[in-house]
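# Summary of the model geometry
Residues per chain, in single letters:
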Amino acid sequence: MSGHSKWATTHRDKEKTDQQRGKIFTKIGREIAIAVKQGGPDPDSNPRLATAIEKAKANNMPNDNITRSIKKASGELNAVNYEEMVYEGYGPGGSAFMLDVLTDNKNRAAADIRHLFDRAGGSLGGPGSVAYMFNRKAVINVQSDTKTEDDAMNIVLEHGGDDMVTDEGGYYTVYAEPTQLNELKKAFEADGFKIESAGLEMVPTTLISLDDSKYNAFLKLVDNLEESDDVQNVYHNVALREDEDDGED
């Protein structure tokens with residue numbers, strides 16, 4: 001697990017163009033919709049909705065957009081019914097992919113995602129084809145200009161964390177079992193850390209390396225998948241190169 005930091009993605013997401021930011025808002029709006037559908041419109045009693053709202057605010061999504069998404073999902077406005085699915089597949093060089101998908105048309109989503117894998121020389125797999133290569137983990141990105149790495153690690157150890165990756169500038173990526181997500185968030189906040197992002201992710205058990213041609217094809221596939229409105233999250237098991245850390249996941 002060490003070394004698989006998604007911190008670069010967080011930085012990149014905040015540097016999107018207006019058009020790309022619109023895509024992010026669309027994806028977050030769908031996350032809010034499915035959270036409301038499953039747990040109701042009150043973030044105080046719906047942790048998944050609270051997390052989605054935090055993500056929306058971190059990406060500077062206007063409050064009106066957030067409110068509109070909640071009202072749509074709760075039936076106050078014209079609602080769209082989204083289905084939540086997980087897709088698995090193989091990319092260039094045998095790389096493994098898991099995708100979180102939210103769509104209002106699962107046939108369209110399946111066809112589009114299959115086409116992207118085929119075009120990259122990979123293939124869309126069936127349920128369980130690559131899931132065994134990943135573990136579902138709580139992943140929390142925190143930052144502090146005043147706290148030390150030891151401060152962060154003490155919180156990880158005291159509140160059930162499994163691992164921590166340190167990045168430059170006082171940024172830390174913490175991994176834990178899903179049940180520890182809220183406890184760790186509260187502990188970091190109480191100690192003065194800024195929570196940049198927090199949620200559940202599929203984390204690879206091991207990473208693979210690709211040669212140049214396969215690596216470039218892999219990066220293109222990641223970009224194409226992330227461009228799809230239906231794809232919420234892209235997880236993979238490829239070791240990113242240092243020169244890509246600021247721009248690719």
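Residues numbered from 1 in each chain as written. Predicted model: local features only at pLDDT ≥ 70, side-chain atom pairs only at ≥ 80, totals over all residues. Heavy atoms only, no water.

### Overview of the pairing of strand β8 (residues 231-236)
Taken across its 6 residues, β8 has 5 buried, putting it largely inside the fold. Note that strand β2 (residues 96-103) and β8 share 5 bridges and pair antiparallel. Bridging from a neighbouring strand, Phe97 pairs with His236 of β8. (Buried < 20%, exposed > 50% of the residue type's maximum accessible area, 1.4 Å probe, protein only. Helix = DSSP H or I, 4+ residues; strand = E, 2+ residues; numbered from the N terminus. Pairing = 2+ DSSP bridges.)

### What to know about helix α5 (residues 106-119)
End to end, α5 covers 20 Å across 14 residues, agreeing with the expected 20 Å (1.5 Å per residue, within 8%). By the burial criterion, the buried members of α5 are Ala109, Ile113, Leu116 and Phe117. One side of α5 holds all its buried residues, which, seen down the axis, span an arc of 95°. Facing away from the buried side of α5 by over 90 degrees, the exposed positions are Asn107 and Arg119. If you check the start of α5, you find a side-chain oxygen 3.3 Å away from the backbone N of Asn107, and it comes from Asn105. Phi for Gly121, located one or two positions after α5, is positive at around 85°. (Expected span 1.5 Å × (residues − 1). Arc of directions from axis to C-beta. Polar contact = N/O pair within 3.5 Å; in protein donor to acceptor, adjacent residues only side chain to side chain.)

### Structural notes on the nonpolar core
Ranked by size, the top nonpolar core spans 20 residues in total, and within it Phe97, Leu99, Val101, Ile113, Phe117, Phe218 and Leu225 carry the most contacts. Broken down by secondary-structure element, the contributors of at least two residues to this core are β1 (83-90), β2, α5, α8 (212-227) and β8. Core analysis: the second largest hydrophobic core is formed by 17 residues, Ala152, Ile155, Val174 and Ala176 among them. (Core = buried A, V, L, I, M, F, W, Y, C linked by side-chain atoms within 4.5 Å.)

### Considerations on the pattern of salt bridges
According to the stated counting rule, one finds 12 salt bridges in the structure shown. Across the pair Lys185 and Glu54 runs a salt bridge, and its minimum N-O distance is 3.1 Å. On the criterion of sequence distance, the pair formed by Lys185 in helix α7 (residues 181-190) and Glu54 in helix α3 (residues 47-58) is long-range, its members being 131 residues apart. When its relative accessible area of 35% is taken as the criterion, Glu54 is described as partly exposed. With a shortest N-O distance of 3.5 Å, Glu196 and Lys194 are connected by a salt bridge. Overall, the relative accessible area of 12% leaves Glu196 in the buried class. The network of salt bridges with shared partners includes Arg30, Asp104, Arg108 and Asp230. (Salt bridge = Lys/Arg side-chain N within 4 Å of Asp/Glu carboxyl O.)

### Comments concerning the packing of aromatic side chains
For the structure on display, the rule yields 5 aromatic pairs. Look at Phe97 and Phe117: their rings are 5.7 Å apart centre to centre, the planes differ by 85°, and that puts the pair in the edge-to-face class. Of this pair, Phe97 sits in strand β2 while Phe117 sits in helix α5, and the two are 20 residues apart along the sequence. An identical accessibility class is assigned to Phe97 and Phe117; each is buried. When the ring of Tyr172 is compared with that of Phe193, the centres are 6.3 Å apart and the planes differ by 75°; the resulting orientation is edge-to-face. Linking Tyr172 in strand β6 (residues 171-176) with Phe193 in the loop between α7 and β7 (194-204), this pair joins segments that are 21 residues apart in sequence. (Phe/Tyr/Trp six-rings, centres within 6.5 Å; stacked < 30°, edge-to-face > 60°.)

### Focus on the pairing of β1
In this sheet, β2 lies alongside β1 in antiparallel orientation, the contact comprising 8 bridges. Bridge assignment links Tyr87 to a residue of β2, and that residue is Leu99. In sequence, β1 turns back onto β2 through a hairpin of 5 residues, with Gly93 there showing a positive phi of about 70°. When β1 meets strand β3 (residues 123-125), the two strands line up antiparallel, connected through 3 bridges. Bridging from a neighbouring strand, Tyr90 pairs with Ser123 of β3.

### Digging into the environment of Arg48
The residue Arg48 is located in helix α3 in this model. In this structure, the C-alpha to C-alpha distance between Arg48 and Ile34, residues 14 residues apart in sequence, is 9.1 Å. Excluding residues within four positions of it along the chain, Arg48 makes contact with Ile34, Ala35, Gln38 and Glu84. Polar side-chain contacts of Arg48 include one of 2.9 Å to the side chain of Gln38. A distance of 2.5 Å separates polar atoms of two side chains, one belonging to Arg48 and the other to Glu84. (Contact = heavy atoms within 4.5 Å.)

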